[in-house]
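Topology and contacts: notes
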Amino acid sequence: MPRYSITTFGCQMNVHDSERMHDVLRCAGYTEAGSADEADVLVLNTCSVREKAEQKLRSEVGRLARWKRERADRVLVVAGCVAQQEGERLLKQMRAIDVVVGPDNIPELPGLLGDLAIGGLPIARTVFDLDAPRFLVASPPSPSSSPRAAPTAFVTVMKGCDERCSFCIVPHTRGPERYRPSDEIVAEIAALVAAGTREVTLLGQTVNSYRDPLGALPRAPGASADDPDESEFAALLRRVAADVPGLARLRYTSPHPRHLTPSLVLAHAELPVLPRHVHMPVQSGSDRVLRRMIRRYTRAEYVARTRALVEAVPGLTLSTDIIVGFPGETEDDFAATLSLVREVGFKGLFGFKYSRRPHTPALKLPDDVPEGVKGERLARLFEESEALLAAHLSALVGTTQEVLVEGRDKERGHGGAGGALWSGRTGRHEIAHIDGAGELDLLGEVVEVSIARANKHSLQAELTEAARAAARPRQRGGLEARPARRSLPVVAAEGG
Ligand code: 5AD
């Protein structure tokens, strides 16, 4: 049986696409190799959102040319956004590549590999499924399946993007918006929950622009018929909450602030399944820059909408994405971004230096902020956000929190006297490591902990007495706790 290996770069959508490639390849008779060296087929699932990510692919392919030369029948596949962006050009530029496959063509991968195996030429398949959009799902886990499904899972609700943010390549690499019927979404979540999943993250490039293509959702409370920014996302959240009562947490990423409408705020106020944390990319705090980025909201609108959310859900935290050094960004513009970070009080922030991308409207603007200035602004931004996070985390010391246990801590692993160290996330998405519970099986449980210490980016916690008394002891070997889906190696978030 041929063996394959997948390396993933980029966002959650790519992580999800890689999971689907695992499924598609396994169904076609491939087995997963222990390492790239043992693989017959190597897939690089790529990101092109910033130039640095794209360069990573190019250097990786350069490195893999040797791997390919070692055996004539080895196959190198490039998937994901660089594949979609470059298509056939990649085959010409880099001779080591055999197959280029776009995000919408994953089901065709085994067929392309089969053609190659019988002597076919290198091939690129990068066609959007505009007429009949496909949303791949994992082969449905059965309720009795052992091992259990992973505690957390991604479920795609839409793909593509109709926004035209001037810096962003995504409309080009992922195509126009296409939505998945709400019945399918609910069915997938119900099957996951029946098999043991506790938390689902709804995925989409602008996830909260969701509309049911079959028109099957009732209008959500608070939804205005004549607000152009209104969508059916709140209605979808309400339907999932009502139809899958066993779900512990329902997250979503990434939303656009434009669709943070009153109906979505109300859904947050009324649905306890929505966690008290939202990632809401703002990109800049300067109206002048927001306009040139074509973000379609002002700073004041962003502040008002997120404030309404925090007022509706006391204690809700926000995180964000910010680009520094966008063309024409002055020191005053950047100061406005810093002041917005303070004003909103983000508890998490991904910051990026502006990077010119092909096919984007901003290519027409001169990339006039020097690299050194971009670096210096990014450092100031991180300094600000680290201080906000540190203050937030230390204020949690001594409090009790509910943590969904996602797995064993990778850094400290199984070793040490305490055995496994469990880790997970609080309802607000803070990472929490649980000390001294190695003898218990906590995987997939929502447990009550008290916060003992704040680390730089996470919390150190202990089970409360009640939680300890209620927990299952871990069986020797611990295989019962292994999730069905692996956590994939992700090379992500270079932070500029
Ligand atoms: N340059 C820098 N950062 C970018 N992002 C998207 N496009 C670019 C670009 N051209 C950032 C945005 C987005 C995140 C996923 O990546 O902040 O929210």
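Basis of the calculations
- Residues numbered from 1 in each chain as written.
- Predicted model: local features only at pLDDT ≥ 70, side-chain atom pairs only at ≥ 80, totals over all residues.
- Heavy atoms only, no water.
- Pairing = 2+ DSSP bridges.
- Helix = DSSP H or I, 4+ residues; strand = E, 2+ residues; numbered from the N terminus.
- Axes fitted to C-alpha atoms, helices over the stretch in contact; angles between N-to-C directions.
- Near = heavy atom within 4 Å.
- Polar contact = N/O pair within 3.5 Å; in protein donor to acceptor, adjacent residues only side chain to side chain.
- Areas by Shrake-Rupley, 256 points an atom, 1.4 Å probe, with all protein chains shown as cover.
- Nonpolar A, V, L, I, M, F, W, Y, C, P; charged D, E, K, R; others polar.
- Buried < 20%, exposed > 50% of the residue type's maximum accessible area, 1.4 Å probe, protein only.
- Contact = heavy atoms within 4.5 Å.
- Disulfide = S-S within 2.5 Å.
- Parallel < 35°, antiparallel > 145°, perpendicular 65-115°, else oblique.
- Left-handed = near helix turned anticlockwise from the far one by under 90°.

**Describing the sheet that holds strand E11 (residues 249-253)**
The strand order E7-E10-E11 describes an open sheet built from 3 strands, whose pairing is parallel. Looking at the sheet topology across the chains shown, the edges are occupied by strand E7 (152-156) and E11. Going across the sheet, the axis of each strand differs from the next one's by a mean of 25°, ignoring polarity. The pairing of E7 with strand E10 (residues 199-203) spans 5 bridges and is classified as parallel.

**A short note on the site of the ligand**
In the region of the ligand, the neighbouring residues are Val 49, Arg 50, Phe 167, Gln 283, Asp 321, Ile 323, Phe 352, Lys 353, Tyr 354, Ser 355 and Arg 357. Taking Gln 283, its side chain carries an N or O atom lying 2.7 Å from an oxygen atom of the ligand. A distance of 2.7 Å separates a nitrogen atom of the ligand from a polar atom in the backbone of Ser 355. Coverage of the ligand by the protein chains reaches 86% of its 410 Å² of free accessible surface. Contributions of two or more residues to the shell around the ligand are made by strand E13 (317-324) and strand E14 (348-353). Residues that form the shell around the ligand fall into these classes: 5 nonpolar, 2 polar and 4 charged.

**Comments concerning the side chain of Lys 159**
Within the secondary structure layout, Lys 159 lies in strand E8 (residues 158-159). Judged by relative accessible area, which is 10%, Lys 159 ranks as buried. There is a polar contact of 2.9 Å between the side chain of Lys 159 and the side chain of Asp 129. Only 2.7 Å separates the side chain of Lys 159 from the backbone oxygen of Arg 134, close enough to count as a polar contact. Contacts of Lys 159, omitting those with residues within four sequence positions, involve Asp 104, Asp 129, Pro 133, Arg 134, Phe 135, Pro 176, Glu 177, Arg 178 and Gln 205.

**Some points on the state of the cysteines**
Covalently bonding the sulfur atom of one cysteine to the sulfur atom of another cysteine gives a disulfide. One pass over the structure, following the stated rule, counts 0 disulfides. Cysteine Cys 11 shares no disulfide, and the gap to the nearest cysteine sulfur, in Cys 47, comes to 6.4 Å. With no disulfide of its own, Cys 168 has Cys 165 as its nearest cysteine by sulfur position, at a separation of 6.1 Å.

**Brief notes about the side chain of Arg 180**
Tracing the backbone shows Arg 180 in the loop between strand E9 (178-179) and helix H7 (182-194). Here the side chain of Arg 180 touches Glu 188 through a polar contact of 2.8 Å, side chain to side chain. If we ignore the near neighbours within four places in the chain, the residues touching Arg 180 are Phe 135, Val 137, Val 155, Thr 156, Val 157, Ile 185, Glu 188, Tyr 210 and Pro 213.

**Let's talk about the packing of helix H11 (residues 299-312) against helix H12 (residues 331-344)**
Packing of H11 against H12 brings their axes to within 11 Å, and their N-to-C directions diverge by 15°. Here H12 runs roughly parallel to H11, going by the angle between their axes. Regarding H11 and H12, the two cross each other, and that crossing is right-handed. Between H11, through Arg 299, Tyr 302, Val 303 and Arg 307, and H12, the contact on the second element is made entirely by Ala 336, Ser 339, Leu 340, Glu 343 and Val 344. Residues belonging to the contact of H11 with H12 are distributed by class as follows: 5 nonpolar, 1 polar and 3 charged.

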